[in-house]
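# Residue-level structure breakdown
These are the residues of each chain, in order.
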Amino acid sequence: TLLDAIRAGGPVERLQILTVADQYEFLEKPWRRRTPYMDLPLDRQIDQVAAMDPGRTALIFHGKRISFGELKMRSDRLAVHLIRSGARRGDVIGLLMARTPTMIVGMLAILKAGCAYLPVLASYPEKRISYMLENGGAKFLLHEPGIELPDLPCPGLAAAEAEGAPAVEDRTGEDLMYVLYTSGSTGQPKGVMLQHRALENLLVGIEEIMAPSAGPVLCS
């Protein structure tokens, strides 16, 4: 790793002696660990990878690769735009998007604004969507052009060119991450609230199982 860093060039004091994976495992995680999980919101963990290795592939969609650096830049811009539009820590924001990289950017941006996302599918009946957004207390509905619902503000994606990184202080793993609604087959759909630490706890639990895989994994 050191020889690769020397070959790449740069100041001596910045030469890396550990791979990005080892640096994260042995230097970053232990400082953040609160058994059994890292007390750090998931989006900030992703940003740490972007800071250490911005060129690393984060997403692959129809053959196109998006790096952690680009993912961070796009989600930072949208998060700043959400904050300027009135989003505040603890708010719930509806998320109505197709399964594309833009959806991942939207999810991360909502988290970076200190908010929780409420996923909604366009295929749902309009009454169900309205009920979920109202019952979940959604402040905004973040959606792509061409998908619109009445009576709820929507900060436009096209206008999200704000520079800089969002500054939402004192966020921890205890913060709300998302609100997921049940099918409603036994009555009205019910919203289940999950914190960042719930997902982090899951990741810690399956870390050993996933460790041998160096590529994409399909898991349930």
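That block above? That's the structure.
This report concerns the structure included in the present document. (Residues numbered from 1 in each chain as written. Predicted model: local features only at pLDDT ≥ 70, side-chain atom pairs only at ≥ 80, totals over all residues. Heavy atoms only, no water.)

## Some remarks on the packing of helix H3 (residues 42–52) against helix H7 (residues 196–210)
Remark: H3 packs on H7, axes separated minimally by 9 Å, with the N-to-C direction vectors making an angle of 55 degrees. Relative to H7, H3 is oriented oblique. Where H3 abuts H7, its residues Leu42, Asp43 and Gln45 lie against His196, Leu199, Glu200 and Leu203. For the contact of H3 with H7, the residue count by class is three nonpolar, two polar and two charged. (Axes fitted to C-alpha atoms, helices over the stretch in contact; angles between N-to-C directions. Helix = DSSP H or I, 4+ residues; strand = E, 2+ residues; numbered from the N terminus. Parallel < 35°, antiparallel > 145°, perpendicular 65-115°, else oblique. Contact = heavy atoms within 4.5 Å. Nonpolar A, V, L, I, M, F, W, Y, C, P; charged D, E, K, R; others polar.)

## What about unusual backbone geometry?
Phi is positive for His62, close to 50 degrees, though the residue is something other than glycine. Structurally, the position occupied by His62 is in the loop between strand E3 (57–61) and strand E4 (64–67).

## Things to note about the pattern of salt bridges
The tally for this structure, following the rule as stated, stands at nine salt bridges. With a closest N to O distance of 3.2 Å, Asp4 and Arg7 form a salt bridge. Taken together, the positions of Asp4 and Arg7, both in helix H1 (residues 2–8) and three residues apart, correspond to about one turn of that helix. Given the relative accessible area of 70%, Arg7 is considered exposed. Arg89 is paired through a salt bridge with Asp175; the nearest N and O atoms lie 3.0 Å apart. Residue Arg89 is located in the loop between helix H4 (68–84) and strand E5 (92–96), and its partner Asp175 is located in the loop between strand E7 (138–143) and strand E8 (176–181); the two are separated by 86 residues in the primary sequence. If you follow the salt bridges from partner to partner, you end up with Asp47, Lys72, Asp76 and Lys112 in one network. (Salt bridge = Lys/Arg side-chain N within 4 Å of Asp/Glu carboxyl O. Buried < 20%, exposed > 50% of the residue type's maximum accessible area, 1.4 Å probe, protein only.)

## Side note on the packing of aromatic side chains
Scanning the model with the defined rule gives one aromatic pair in all. A centroid spacing of 5.3 Å and a plane angle of 15 degrees characterise the contact between Tyr117 and Tyr178, whose relative ring orientation is stacked. Residue Tyr117 is found in strand E6 (residues 116–119), and its partner Tyr178 is found in strand E8; the two are separated by 61 residues along the sequence. Just as Tyr117 is buried, Tyr178 falls in that class too. Its guanidinium or amino end placed over the ring of Tyr124, Arg128 lies 4.4 Å from that ring's centre, counting from NZ or CZ. (Phe/Tyr/Trp six-rings, centres within 6.5 Å; stacked < 30°, edge-to-face > 60°. Lys NZ or Arg CZ within 6 Å of the ring centre and 35° of its normal.)

## What to know about a nonpolar patch on the surface
On the surface, a nonpolar cluster with roughly 440 Å² of combined accessible area is contributed by Leu2, Leu3, Ile6 and Ile17. Tracing the chain through its elements places Ile6 in helix H1. The partly exposed category is assigned to Ile6, whose relative accessible area is 48%. (Patch = residues over 30% accessible without salt bridge, like charges linked within 9 Å, V, L, I, M, F, W, Y side chains within 5 Å. Areas by Shrake-Rupley, 256 points an atom, 1.4 Å probe, with all protein chains shown as cover.)

## Re helix H5 (residues 101–112)
With 12 residues, H5 extends 16 Å between its outermost C-alpha atoms, agreeing within 8% with the 16 Å of an ideal straight helix rising 1.5 Å per residue. Counting buried positions along H5 gives nine out of 12 residues, so the element sits mostly inside the fold. Within the span of H5, buried status applies to Pro101, Met103, Val105, Gly106, Leu108, Ala109, Ile110, Leu111 and Lys112. With its phi angle positive at about 85 degrees, Gly114 sits one or two positions after the end of H5. (Expected span 1.5 Å × (residues − 1).)

## With respect to the pairing of E6
For a regular strand, side-chain orientation follows a simple rule: the groups alternate between the two sheet faces. In this structure, E5 lies alongside E6, joined through four bridges in parallel fashion. The residue of E6 that forms the bridge with Val92 is Ala116. A crossover connection joins E5 to the parallel E6 through H5; in handedness this β-α-β unit is right-handed. (Pairing = 2+ DSSP bridges. Right-handed = clockwise from strand over helix to strand, strands pointing away.)

## Some words on the environment of Gly191
Looking at where Gly191 falls in the secondary structure, it is placed in strand E9 (residues 191–195). Accessibility expressed as a relative area gives 37% for Gly191, which makes it partly exposed. Taking the C-alpha atoms as reference points, Gly191 and Leu180, separated by 11 residues in sequence, lie 5.4 Å from one another. The residues contacting Gly191, other than those within four sequence positions of it, are Val179, Leu180 and Tyr181.

## Considerations on the packing of H3 against H4
Close contact between H3 and H4 brings their axes to 8 Å; oriented N to C, the two are set at 130 degrees. With respect to their mutual orientation, H3 and H4 come out oblique. Of the two possible hands of crossing, H3 and H4 adopt the one that is left-handed. Residues Ile46, Asp47, Val49 and Ala50 of H3 lie in contact with H4, whose contacting residues are Phe68, Gly69, Leu71, Lys72 and Asp76. (Left-handed = near helix turned anticlockwise from the far one by under 90°.)

Interpretation note: all reported values are geometric properties and have no functional meaning in isolation.
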